[in-house]
Amino acid sequence: MITQLNVQPMDEENYLKCFALFSLAIGTIFISGVIESFILQYFSNESVVAISLNFIRVCLYISMAIIIFKMSAPANRVLKKTLYWGNFQDEYLNFISAKGYNYAFNFIFFYLVISYFLIELFWTFPENVSVVEGLTGFCELSVGLMLICYALVVLYLLKGDDDE
Amino acid sequence: MMNEELDNNIAKLRSKQKLSQQELADAIGVSRKTISTVETGRFTPSVVIALKMARYFEVPVEKVFQLELS
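Residues numbered from 1 in each chain as written. Chains lettered and ligands numbered in written order. Predicted model: local features only at pLDDT ≥ 70, side-chain atom pairs only at ≥ 80, totals over all residues. Heavy atoms only, no water.

A.B. asks: Explain the overall build of chain B here, please?
C.D. replies: If you tally the helices and strands in chain B, you get five helices and two strands. Helices and strands in chain B line up, N terminus first, as β-α-α-α-α-α-β. For the C-alpha atoms alone, the extent of chain B along its principal axes is close to 40 × 20 × 20 Å. In chain B, buried positions account for 40% of the 70 residues. In the form shown here, chain B has an accessible surface area of approximately 4300 Å², with 53% of it arising from carbon and sulfur atoms. Distance between charge centroids for chain B: 7 Å, based on 10 positive and 9 negative side chains. (Helix = DSSP H or I, 4+ residues; strand = E, 2+ residues; numbered from the N terminus. Buried < 20%, exposed > 50% of the residue type's maximum accessible area, 1.4 Å probe, protein only. Areas by Shrake-Rupley, 256 points an atom, 1.4 Å probe, with all protein chains shown as cover. Lys, Arg positive; Asp, Glu negative; His and termini not counted. Charge placed at Lys NZ, Arg CZ, Asp CG, Glu CD.)

Take a look at the structure:
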């Protein structure tokens, strides 16, 4: 049984927005890890490219920490499993969250199917990359893309409306 | 085959009562985004919200929402 709290729509909205920003930050961190390991095959660790990538990563970690801090206030007033069960008390927020999951699912489904065929047909592991490294990179990329897809859909649908 | 579209008079009913979206949202316990997206036809609300709006404006629900055939 899910206990319903008396939640204000504004708290739920802030919670969903922070969660989307959090997903965006985590997704970008995952993807930047893959891009970094790909780029560092061609550049040394002391190069400007490597240093800038590390700088971007540090900025992402800081932004993630800020988002978590901001999220903690509305999250305390919203039921913890709201996101997973999709039971926002506000109907439009429920709709947005479901849309986010729909798009993320469809995107990742086609991405995996296309990747499967591309890997099956063309790809062979480079000699300098182990199978484990390749698989972890693929998983990181998949999770990163899925989180970014969810976040972008939610943030787009949550963006300010002009009709008053 | 005919298409059916949901039309509404929320903006008219609001302006008649000089009510902002936020005030209506607070009165029926939803977010302002719910009101604005329903009003502009971007989101179709549940029967519960439709009935709450009708009750708030003291009109039958058909006065708030109509099914238009196109």
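A.B. asks: Would you mind showing me how to read the environment of A:Leu40 here?
C.D. replies: Residue and element names in this part refer to chain A. Its place among the elements puts Leu 40 in the loop between helix 1 (9-39) and helix 2 (48-77). Sequence separation between Leu 40 and Val 78 is 38 residues; the distance between their C-alpha atoms is 42 Å. Those residues within four positions of Leu 40 in sequence are excluded, and the remaining contacts are Asn 45 and Ala 50. (Contact = heavy atoms within 4.5 Å.)

A.B. asks: I tried to follow helix 2 (residues 21-28) of chain B on my own but got confused; where do I start?
C.D. replies: For an α-helix the count is 3.6 residues per turn, leaving residues at separations of three or four pointing the same way. All names here are of chain B. What helix 2 keeps buried is the set Gln 21, Leu 24, Ala 25 and Ile 28. Considered in projection along helix 2, the buried side chains sweep an arc of 100° and stay on one side of the axis. On its buried face, helix 2 is in contact with helix 1 (10-16), helix 3 (32-39) and helix 4 (47-57). Just past helix 2, the residue Gly 29 takes up positive phi, approximately 75°. (Arc of directions from axis to C-beta.)

A.B. asks: What is the right way to read the side chain of B:Asn9 from this model?
C.D. replies: Relative to the helices and strands, B:Asn9 is located in the loop between strand 1 (4-8) and helix 1. Since its relative accessible area comes to 18%, B:Asn9 is described here as buried.

A.B. asks: Looking at this structure, how should I read the interface of chain B and chain A?
C.D. replies: A common measure of how large an interface is: the accessible area buried when the components associate. Chain B puts 17 residues into the contact, and the matching count from chain A is 11 residues. When chain B packs against chain A, the two sides together hide about 1300 Å² of surface, and 48% of this comes from carbon and sulfur. Contact with chain A buries area across many residues of chain B, yet B:Arg32, B:Lys33 and B:Phe43 alone supply 43% of it, more than any other trio. Of the charged contacts in the structure, one is a salt bridge between A:Glu13 and B:Lys33, with a shortest N-O distance of 3.0 Å. Counting across the interface, chain B meets chain A through five residue pairs in polar contact (both at pLDDT 80 or more). Within the side of chain B that touches chain A, the residues separate by chemical class into four nonpolar, nine polar and four charged. (Buried area = accessible area lost by both parts, 1.4 Å probe. Salt bridge = Lys/Arg side-chain N within 4 Å of Asp/Glu carboxyl O. Polar contact = N/O pair within 3.5 Å; in protein donor to acceptor, adjacent residues only side chain to side chain. Nonpolar A, V, L, I, M, F, W, Y, C, P; charged D, E, K, R; others polar.)

A.B. asks: When you look at the confidence of the model for chain A in this model, what are you seeing that I'm missing?
C.D. replies: Do not read the fine detail of predicted coordinates wherever pLDDT is low. Averaged over all residues, the pLDDT of chain A is 82; the fraction at 70 or higher stands at 84%. Ranking the helices and strands of chain A by mean pLDDT puts helix 4 (residues 91-121) of chain A first, with 91, and helix 3 (residues 82-85) of chain A last, with 70. (pLDDT = per-residue confidence, 0-100.)

A.B. asks: Sorry if this is basic, but what is going on with the nonpolar core here?
C.D. replies: In a soluble, globular protein the nonpolar side chains are often hidden away together inside. Counting 40 residues, the largest nonpolar core has A:Leu16 and B:Met53 as its most contacted members. Among the elements of the structure, helix 1, helix 2, helix 4 and helix 5 (131-158) of chain A together with helix 1, helix 2, helix 3 and helix 4 of chain B are those that each provide at least two residues to this core. Excluding residues that lie within four positions of it along the chain, B:Met53 makes contacts with B:Ile10, B:Ile28, B:Ile35, B:Val38, B:Val64 and B:Phe65. (Core = buried A, V, L, I, M, F, W, Y, C linked by side-chain atoms within 4.5 Å.)

A.B. asks: Please clarify how the pattern of salt bridges should be interpreted in this entry.
C.D. replies: Side chains that differ in sign of charge can pair as their charged atoms come close. Residues and elements named next belong to chain A. A full pass over the atoms with the stated rule returns three salt bridges over all chains. Taking the shortest distance from any N to any O, the salt bridge between Glu 36 and Arg 57 comes out at 3.4 Å. On the criterion of sequence distance, the pair formed by Glu 36 in helix 1 and Arg 57 in helix 2 is long-range, its members being 21 residues apart. A relative accessible area of 12% means that Glu 36 is categorised as buried.

A.B. asks: What should I look at first to understand the packing of aromatic side chains in this one?
C.D. replies: The description of an aromatic ring pair uses the distance of the two centres, along with the angle that the planes make with each other. For the structure on display, the rule yields 11 aromatic pairs over all chains. Ring centres of A:Phe19 and A:Tyr150 lie 6.0 Å apart, and the angle between their planes is 75°; on these two criteria the pair is classed as edge-to-face. Residue A:Phe19 is found in helix 1, and its partner A:Tyr150 is found in helix 5; the two are separated by 131 residues along the sequence. Neither A:Phe19 nor A:Tyr150 differs from the other in exposure class; each is buried. A centroid spacing of 5.3 Å and a plane angle of 65° characterise the contact between A:Tyr92 and B:Phe43, whose relative ring orientation is edge-to-face. (Phe/Tyr/Trp six-rings, centres within 6.5 Å; stacked < 30°, edge-to-face > 60°.)

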